[in-house]
Amino acid sequence: MTANEGLRLRTALACWCAVLLALFLNLDNAWWAAISAFIVSGADRKTVVSKGALRVIGTVIGCAAAFYAATFFAGQYLTLSVLIIGSIVFGIYKRYTSPYSYAWTLACVTGTLVLFVSLQNPGETRAFAIDRCLEISTGVLAAMLVELLLNPRPISGEQDTIPADAETRRHAMEAAVFAGIIMVTILLLDRYFNLPSPIQIAVTATVMIPLQIGYGPKKAFDRLSGCLIGGSTGLAIVVFLPANLLVWSLFLIVGIFVFSRTHFSGQSNAYVGTQAVLAYLMTMVTGSGPPTTVEPVLDRLAGIFIGVVILVIGNLLARELGFGRSSEEATTLTKKPTTPA
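Residues numbered from 1 in each chain as written. Predicted model: local features only at pLDDT ≥ 70, side-chain atom pairs only at ≥ 80, totals over all residues. Heavy atoms only, no water.

**Some points on the side chain of threonine 125**
So the rule is basically this: Note on conventions: DSSP H or I runs of at least 4 residues are helices, E runs of at least 2 residues are strands, and numbering of each starts at the N terminus. Note on exposure labels: buried denotes an accessible area under 20% of the residue type's maximum, exposed denotes more than 50%, and partly exposed covers the range between, all computed with a 1.4 Å probe on protein chains only. Contact criterion: two residues are considered in contact whenever any of their non-hydrogen atoms come within 4.5 Å of each other.
Here threonine 125 is to be found in helix H6 (residues 125-150). Judged by its relative accessible area of 5%, threonine 125 is buried. Beyond its immediate chain neighbours, meaning those up to four positions away, threonine 125 contacts Phe67, Ala70, Val114, Val117 and Ser118.

Right under this line is the structure:
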């Protein structure tokens, strides 16, 4: 077995173990545990441990802060909306400028989701915050255990953290402002059109915001195609295969193993594999076991797809407005051609 195949197999087993552990603990959304295991999994133990620790720390801080904010400002829609927008703007900026970017990202994203739940279903805010902490911790624990037991590679040396330069901070500020606009759009659309699975839409749209926004049609195609490939595959399995734990487990592991080949390829289309795995997990893992009905799957798929579409359209518009360009490109475009005398 090659190193790449070993990494993909460990990733698939970590996701599967995370789901089983979450189901054993009777957690509501085992797919959060699976996604945490997938994101944390890496080529060496240092990566798994550091990302896992930052993910748990950020999640706990974000959920706790957001819960107390939601309690203090209960029923104040405008104030909570401002907190949601501010949280995601700050989180995206710190994601690309802080040496502890992973913790900042998780703190602000999970905090945003807790605040979002406080707008949708105030009575479920506390349970949602506690469940997110447990589900993400479960996924991290599963990834660490699989890494410890199955990866023979030693812990790699510490890597120096490169401070964000002026160009990176400029792009990070653009991405943060863009994230705020995306969140305002989602809040308005949900308020007036009652979107399906609005929390899923918010998760999908915000976690995929890149440093250099305004990407072109190729990246847009990669995101949409990965979502469609993973989601449609998972949906087909749910529809045509029996709701049997053994069969479901086999297809879950095999699907992650196959899709993660592109995810770990390091090629320009790697995000097709990333998005495919995420969509596959969200369709294959629902409720307290193998899916027995397609309704929650379709609802979640709709949330994923709408979130991706909002993000893609926003990026294409941002590209036309000049966002995401380097300083040299911006300077060149703003220079007016001289007219000969």
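**With respect to unusual backbone geometry**
Peptide bonds are mostly trans, and most non-glycine residues show a negative phi. If you check the backbone angles, asparagine 26 has positive phi at about 60 degrees while not being a glycine. Of note, asparagine 26 is situated in the loop between helix H1 (3-24) and helix H2 (30-40). Of the residues examined, asparagine 26 reaches a relative accessible area of 62% and is grouped as exposed. At serine 197, a residue that is not glycine, the phi angle is positive and equals roughly 50 degrees. Serine 197 sits in the buried class, given a relative accessible area of 19%.

**Thoughts on the confidence of the model for the protein chain**
Basically, it comes down to this: Confidence per residue, as judged by the predictor, is encoded in pLDDT with a range of 0 to 100.
Per-residue confidence for the protein chain gives a mean pLDDT of 87; residues scoring 70 or more make up 90%. The secondary-structure element of the protein chain with the lowest mean pLDDT is helix H13 (residues 327-334), recorded at 57, while helix H10 (residues 245-263) shows the highest, at 95.

**Remarks on the pattern of salt bridges**
To keep it simple, the criterion reads: Just to be clear on terms, a salt bridge is a Lys or Arg side-chain nitrogen sitting within 4 Å of an Asp or Glu carboxyl oxygen.
A complete count under the given rule lists 4 salt bridges for this structure. One connected set of salt bridges, linked through shared partners, spans Glu167, Arg170 and Glu174.

**A short note on the packing of aromatic side chains**
To be explicit about the condition: Ring pairs are drawn from Phe, Tyr and Trp, using the six-membered ring of Trp, whenever the two centres fall within 6.5 Å, and their geometry is named by plane angle: stacked under 30 degrees, edge-to-face over 60, tilted for the rest. Criterion for a charge above a ring: Arg CZ or Lys NZ at most 6 Å from the ring centre, at most 35 degrees from the ring normal.
For the structure shown, the criterion picks out 5 aromatic pairs. Ring centres of phenylalanine 259 and tyrosine 280 lie 5.5 Å apart, and the angle between their planes is 70 degrees; on these two criteria the pair is classed as edge-to-face. Highlighted residues: phenylalanine 259 in helix H10 and tyrosine 280 in helix H11 (residues 270-284), separated in sequence by 21 residues. For the pair formed by phenylalanine 259 and tyrosine 280, the shared burial category is buried. Directly above the aromatic system of phenylalanine 257 lies the positively charged group of arginine 8, at a separation of 4.0 Å from the ring centroid. It is arginine 191 that lies over the ring of tyrosine 77; its NZ or CZ is 4.2 Å from the centre.

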